[in-house]
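What follows is the residue order along each chain.
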Amino acid sequence: MAGNDWLNGYLEAILDAGSSTRKTNDGKQKDGKQKIAKFEEQVKEEKLFSPTKYFVEEVVNSFDESDLHRTWVKVIATRNTRERSNRLENMCWRIWHLARKKKQIAWDDARRLAKRRIEREKGRNDAADDLSELSEGEKEKGDTNITEAPVKEISRINSEMRLWSEDDNKSRHLYIVLISMHGLVRGENMELGRDSDTGGQVKYVVELARALANTKGVYRVDLLTRQITSPEVDSSYGEPNEMLTCPPDGSGSCGAYIIRLPCGPRDKYIPKESLWPHIPEFIDGALGHIVNMARALGEEVNGGKPTWPYVIHGHYADAGEVAAQLSGALNVPMVLTGHSLGRNKFEQLLKQGRLSREDINATYKIMKRIEAEELGLDAAEMVVTSTRQEIEEQWGLYDGFDLKLERKLRVRRRRGVSCLGRYMPRMVVIPPGMDFSYVTVQDTEGDGDLKSLIGSDRAQNKRNLPPIWSEVMRFFTNPHKPTILALSRPDPKKNVTTLLKAFGECRPLRELANLALILGNRDDIEEMSNSSSVVLTTVLKLIDKYDLYGQVAYPKHHKQSDVPDIYRLAAKTKGVFINPALVEPFGLTIIEAAAYGLPVVATRNGGPVDILKALNNGLLVDPHDQKAIEDALLKLVADKNLWLECRKNGLKNIHRFSWPEHCRNYLSHVEHSRNRHPTTRLQIVPIPEEPMSDSLKDVEDLSLRFSVDGDFKHNSEHDAATRQRELIEAITRMASSNSNAAVTYCPGRRQRLFVIAVDCYDQNGHDTQTFQEIIMSVKKAASLGFGQGRVGFVLLTGSSLQETVKAFKGCQVSIEEFDALVCKSGSEMYYPWRDLAADADFETHIEYRWPGENVRSMVPRLAILEGGTEDDITEYAGSSSSRCYSYNVKPGAKTRRIDDLRQRLRMRGFRCNLFYTRVASRLNVVPLFASRVQALRYLSVRWGTDLSKVVVFVGEKGDTDNEDLLAGLHKTLVLKGSVEYGSEKLLHSEDGFRRDDVVPQDIPNIALVESYQPHDISATLEALGIKGL
């Protein structure tokens, strides 16, 4: 509470108010302790309300006093004594209310956590029971070191994994996609620290892209981020492309690039918490870019075959969701790096007790963030972490990851034994790389630079020395002594005050060394945040208490460019770097210090354990043990041989944290993970080399897949009119030929694609006549606005093929007029123009990670709520298939919502998609990568369809995936009154995110149609700018 003088005044005023109430007239001045003692004694005698007690116990110890301070300002401005006393009393009652609120929040949180822990434990036990059949066999084969090893014994690199060799892989042409959505991302002059979204992650992903592109075997790296054209930021963030590394010969598409894609409002720079509704738009844009790039790279290096990404790597939760969806759409491996995790932050905020669960979610959209991280775990082959602590204490909080279960599954895979449909991503520790090219390690034997700085001729020589040196040295009486350096923010978690106490109370250490505290930048301590001002005020008080003037430096300012010189100064004096943080997630400053030849003392909590194990250049200490900190510092400063050994070890091993080493480890792990991922069979329909001229749009049917004989040249040997005439003649010849229509038919060459995703049921889940009316209305609107044959039609439904065919009976529109039918919530695809043949490639495309029979009996058992009966949910054999298990839900049965059911399946290692359809009377369980929106993306790739040319028709209500179909590059028409009953009530759990968190509001791509009549549909299409040509 140091530095907040108003608190003392507040207490004094309360005591004065209490004294005046009891008309106590002491003529003498009394100190605070006497007043408090007397007041409390009188409280006991008269049984009065004690505002002091509430204030001290509930506010000073429990709450952030900044809000109450504003009220106190109003109190002291009040002249009238009675009114002032009333305000004080109101404040006390307000404190009492806050205390009760905090206790209620803590109670609710503890209850939820306990319930979740019980459910997680139950899920883990279920998985262990199913997998226990092999435990004896594992022991017989002598692999007890794997199955019985403690959690912390995680090998850095799997024994079966081959390290990446540039010599062996230099002939490869890998395409790698990195995604980092939020913040301001550019290659030069990064504005780090401008806002909370533009920090270390931005620097990391840019440097990673450069480093990977410089690795032999990697042909191209794309870093996908959000395009920002807002006047609030520099215009460079609006450029679609930025080259990070230049191709060696200056030609081709190789190298590293920042690719900026539109996402959300074009004229606003919005924080990451507001990006969630716009993520589908980013996914569609990224998909289009990757497909085009795969085609272009294939022409350059792969004989015309598409060069699909070697890996798609998402950074942070938002990009993790993007990477997961792209991985499913393209069937390529995904890697996830969390950077910071939502569940960990959520629990910390709840423990503070200042915000309720609802307030936290409203501010940070934390539940959507957690779900995105869970989805990333579902889809990722590998999760990259900086430290083991991140694995055990952070990812271990998630439903989708359990370290013990992951190790057991890994053992089974290694032995070729079935994992019974269960999956856990592999966690690997790969510390961030660093660029050491600018580091110059100088000889520390002499101190000539120091003499020139502090000698008699220093005025003449110091102009060639770093200015920060003189800024630090001016604090020291004897600058020749070794400098103990601490560099951090003035944050209580950095534990600087314990370090200062250790230094102040150890006389030998004070005699041998100086202490330099580089604690950020400050102008006025009182104007800083509360936590920073408390730390700095305490530092100044401790310096005064131990009389450390002349021995401790605490400069007010330093630049980022001064940091290397600060390390050099400490090394020049044969000093030591210390990081005494209570918990250090990684410890980048420890690596930086080692690069400049500084031995290290570091906390044993978190990342420094791994760093010092690799570098062997210092000592670990308990940050709570002041004596241990004293002894470690004294040992390194006093023992010059130990100091020199640590210095040499750090310089010798620092390459382990270089970018080339990071990339080798990274690519080795990715290659190992890819061995478990099937090779994608996704093919792109070839595109004619010559673009179609405008006049071709007058041809009645552009659904033919055509090729034109003749070598059209781009150097204007054929003018536009000639090319147009020859193309039309070629199409006419093909149309008159007797070629097989099934071979040449290509729906993707339509001018537009209309997708109908409106399932119309009555309250019992039976088909209604409205379904046929909507199909006829959409078909008529298309013919009125575009002419015959220019618009293709796709149907997305939760029903089976047999039910869909039945729903078309008696309809004036034939089912054969549709280009594709996507049935059973996106798990099956049929082509009416091929006699309703199923797309076998699509079935293979979505099967990865599908648990199949192993989850069949688990779903109804988990879906039934307590008090339900076994017949509440029963399998519906008529709609079940190899890629979809359908279950009938008895009318009135109480079943779990989709979010709850998915959570329980994750806890058991199952990765599935689940959808309620037919007014929640049926539950479809399909593969993880199967859904109606993902099926649409699959078609866009296969047919070469631009998603911006797609129009999706949905109802105001629908299946539980209805909201997934709203946003994206496509246009969405919501047909008012088309769907009377839906299933959305069983989508989100009470503790989950809300529809408003993911559905964009007031965006031009979504329009509400007043009815599903043809004229209203046509008018809305025209209003959206969708017109025939």
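Cut-off values and rules
- Along each chain, the written sequence defines residue order, and numbers are assigned to residues from 1.
- Local features are withheld for residues below a pLDDT of 70 in this predicted model, meaning they are given only at 70 or higher, and side-chain atom pairs are given and counted only at 80 or more; totals for whole chains, interfaces and linings count all residues.
- To get the side-chain values, all heavy atoms of the structure are used, and hydrogens and water are removed first.
- Runs of H or I in DSSP of at least four residues are treated as helices and runs of E of at least two as strands, each being numbered from the N terminus.
- Only protein chains enter the accessibility calculation, which uses a 1.4 Å probe. A residue is then buried if its area is under 20% of the maximum for its type, exposed if over 50%, and partly exposed in between.
- Here, two residues are considered to be in contact whenever any of their heavy atoms come within 4.5 Å of each other.
- Surface exposure here means Shrake-Rupley accessible area, sampled with a 1.4 Å probe, where a residue is shielded only by the protein chains that are shown.
- Here an axis means a line fitted to C-alpha atoms, over the contact stretch when the element is a helix, while the angle between two N-to-C directions is reported on a 0 to 180 degree scale.
- Note that the term roughly parallel is reserved for angles under 35 degrees, roughly antiparallel for angles over 145, roughly perpendicular for angles of 65 to 115, and oblique for everything else.
- Lys, Arg, Asp and Glu make up the charged group, whereas Ala, Val, Leu, Ile, Met, Phe, Trp, Tyr, Cys and Pro make up the nonpolar group; the residues left over, Gly among them, are polar.
- What is meant by a nonpolar core is a set of buried Ala, Val, Leu, Ile, Met, Phe, Trp, Tyr and Cys residues, joined one to another through side-chain atoms within 4.5 Å.
- Site definitions follow a grid-based scheme: protein atoms alone, a 1 Å grid, a 1.4 Å probe that fits but cannot get out for cavities, and for pockets an open set with protein on both sides within 12 Å along at least five of seven lines, plus lining residues having an atom within 4 Å of a point.
- Grid points are joined across faces, edges and corners, and a volume is the space filled by probe spheres set on the points.
- Should DSSP find at least two bridges between two strands, the strands are regarded as paired.
- Seen with its strands pointing away from the viewer, a crossover is right-handed if its path from the first strand over the helix to the second goes clockwise.
- Think of pLDDT as the predictor's per-residue confidence, scored from 0 to 100.
- Each patch is assembled from residues with relative accessible area greater than 30% and no salt bridge, linking like charges that lie within 9 Å and nonpolar side chains (Val, Leu, Ile, Met, Phe, Trp, Tyr) that lie within 5 Å.
- Just to be clear on terms, a salt bridge is a Lys or Arg side-chain nitrogen sitting within 4 Å of an Asp or Glu carboxyl oxygen.
- Just so you know, the count uses Lys and Arg for positive and Asp and Glu for negative, and it drops His and the chain ends.
- Positions of charges follow a simple convention, taking NZ of Lys, CZ of Arg, CG of Asp or CD of Glu.

Let us look at the overall build of the chain. What the chain contains, in helices and strands, is 39 helices and 26 strands. Looking at the chain as a whole, 56% of its 1029 residues are labelled buried. Residue pairs in contact within the chain that sit at least 24 positions apart in sequence constitute 72% of those at least 6 positions apart. Counting only carbon and sulfur atoms, one obtains 48% of the accessible surface of the chain, whose full area is about 45700 Å².

A few words on the packing of helix α26 (residues 626-638) against helix α27 (residues 640-653). One can describe the packing of α26 onto α27 by two numbers: an axis separation of 5 Å at closest approach and a directional angle of 90°. For the element pair α26 / α27, the angle class is roughly perpendicular. Of the residues in α27, those touching α26 at K635, L636, V637 and A638 are K640, L642, W643 and C646. Along the lines of polarity and charge, the residues of the contact of α26 with α27 split into six nonpolar, no polar and two charged.

For the rest of this paragraph, the subject is the nonpolar core. Of all hydrophobic cores here, the largest spans 102 residues; its most connected members are I179, M181, F282, I312, L326, L330 and W395. In this view, I312 contacts V177, I179, I290, A323, L326, S327, L330, V332, P333, M334 and V335; residues no more than four positions away in its chain are not counted. One finds I543, V552, I590 and I629 within the second-largest nonpolar core, a separate group that totals 73 residues.

For the structure shown, the criterion picks out eight cavities of 30 Å³ or more. A volume near 680 Å³ is recorded for the largest cavity. Elements with a minimum of two residues in the lining of the largest cavity: α10 (279-301), α11 (316-330), α14 (366-379), α36 (898-907), β22 (912-917) and α37 (932-943). By residue number, the principal contributor to the lining of the largest cavity is α14, which donates six residues.

This part covers the sheet that holds strand β16 (residues 791-796). Each strand in a sheet pairs with another by means of backbone hydrogen bonds, the pair being arranged parallel or else antiparallel. Reading across the sheet, the eight strands line up as β19-β18-β17-β16-β15-β24-β25-β26 and stay open at both edges, with mixed pairing between neighbours. The sheet is open, and its two borders are formed by β19 (837-838) and β26 (1006-1009), each paired with just one other strand. Bridge analysis of strand β15 (residues 752-756) against β16 gives five bridges, and the strand direction is parallel. Counterpart to F754 in the pairing with β16 is F793. The sheet strands contacting α37 are β15, β16, β17 (820-823), β18 (828-831) and β24 (950-955), and the helix crosses β18 at an angle near 45°.

With that settled, the discussion passes to the packing of helix α9 (residues 200-213) against helix α28 (residues 659-674). One way to put it is that α9 packs onto α28 with a least axis distance of 10 Å and a crossing angle of 80°. Between α9 and α28, the interaxial angle falls into the category roughly perpendicular. Within the contact between the two elements, α9 uses Y204, E207, L208, A211 and L212 and α28 uses W659, H662, C663, Y666 and L667. Here the residues of the contact of α9 with α28 sort into eight nonpolar, one polar and one charged.

Among the five residues that make up strand β10 (residues 514-518), five are buried, leaving the element largely enclosed by the rest of the structure. Of the two faces of β10, the one lined by N514, A516 and I518 and the one lined by L515 and L517 are each fully buried. In terms of strand pairing, strand β9 (residues 483-487) meets β10 through five bridges, oriented parallel. Across the sheet, residue L485 finds its bridge partner in β10, namely A516. One ladder, built from two bridges, connects β10 with strand β11 (residues 552-553); its direction is parallel. Residue pairing for β11: A516 is matched across the bridge by A553. Taken together, β10, helix α22 (residues 530-545) and β11 form a β-α-β motif whose crossover is right-handed.

The next point concerns the side chain of T498. By the secondary structure assignment, T498 is in helix α20 (residues 496-505). Classification of T498 as buried rests on a relative accessible area of 16%. In contact with T498, other than residues within four places in its own chain, are P623, Q626 and I629.

The next thing to look at is the environment of G944. Along the polypeptide, G944 turns up in the loop between α37 and β24. Remark: the alpha-carbon pair of G944 and G288, spanning 656 residues in sequence, is separated by 9.1 Å.

Let us look at the sheet that holds strand β4 (residues 255-261). Spatially, β3-β4-β2-β1-β5-β6-β7-β8 is the arrangement adopted by the eight strands of the open sheet, whose pairing is mixed. Of all strands in the sheet, those bounded by a partner on one side alone are β3 (241-245) and β8 (426-429). Put simply, the sheet's adjacent strands are angled 25° from each other on average, direction ignored. Relative to β8, strand β7 (residues 382-385) runs parallel, the two being bridged by four bridges. By the bridge assignment, V384 is partnered in β8 with V428. On the sheet, α28 packs against β1 (174-179), β2 (218-226), β5 (311-315), β6 (334-337), β7 and β8 and is oriented at approximately 160° with respect to β7.

A word on the confidence of the model for the chain. Chain-level pLDDT for the chain is 81 on average; 76% of the residues reach the 70-or-more range. No element of the chain has a lower mean pLDDT than helix α7 (residues 144-147), which averages 35, and none a higher one than strand β23 (residues 922-927), which averages 97. Here residues 1-7 scores under 50 on pLDDT; set against residues more than four positions off or in separate chains, the count is 15 contacts. In this model residues 17-30 is a low-confidence stretch, pLDDT under 50, and it forms 13 contacts with partners more than four residues away in sequence or in other chains.

On to the environment of K501. Position of K501 relative to the elements: it lies in helix α20. The spatial distance from the C-alpha of K501 to the C-alpha of I543 is 8.9 Å, given a sequence separation of 42 residues. Those residues in contact with K501 that sit more than four places away from it in its chain are L542, Y546 and Q626.

Attention shifts here to helix α24 (residues 588-595). In terms of residue burial, α24 counts as a mostly covered element, since seven of its eight residues are buried. Of the positions making up α24, those classed as buried are T589, I590, I591, E592, A593, A594 and A595. In this structure, the buried side of α24 is in contact with β9, α23 (563-572), β12 (576-579), β13 (600-603), α25 (608-615) and α27.

In this section: a negative patch on the surface. Taken together, D523, D524, E526 and E527 make up a surface patch of like negative charges. Mapped onto the fold, E526 is located in the loop between β10 and α22.

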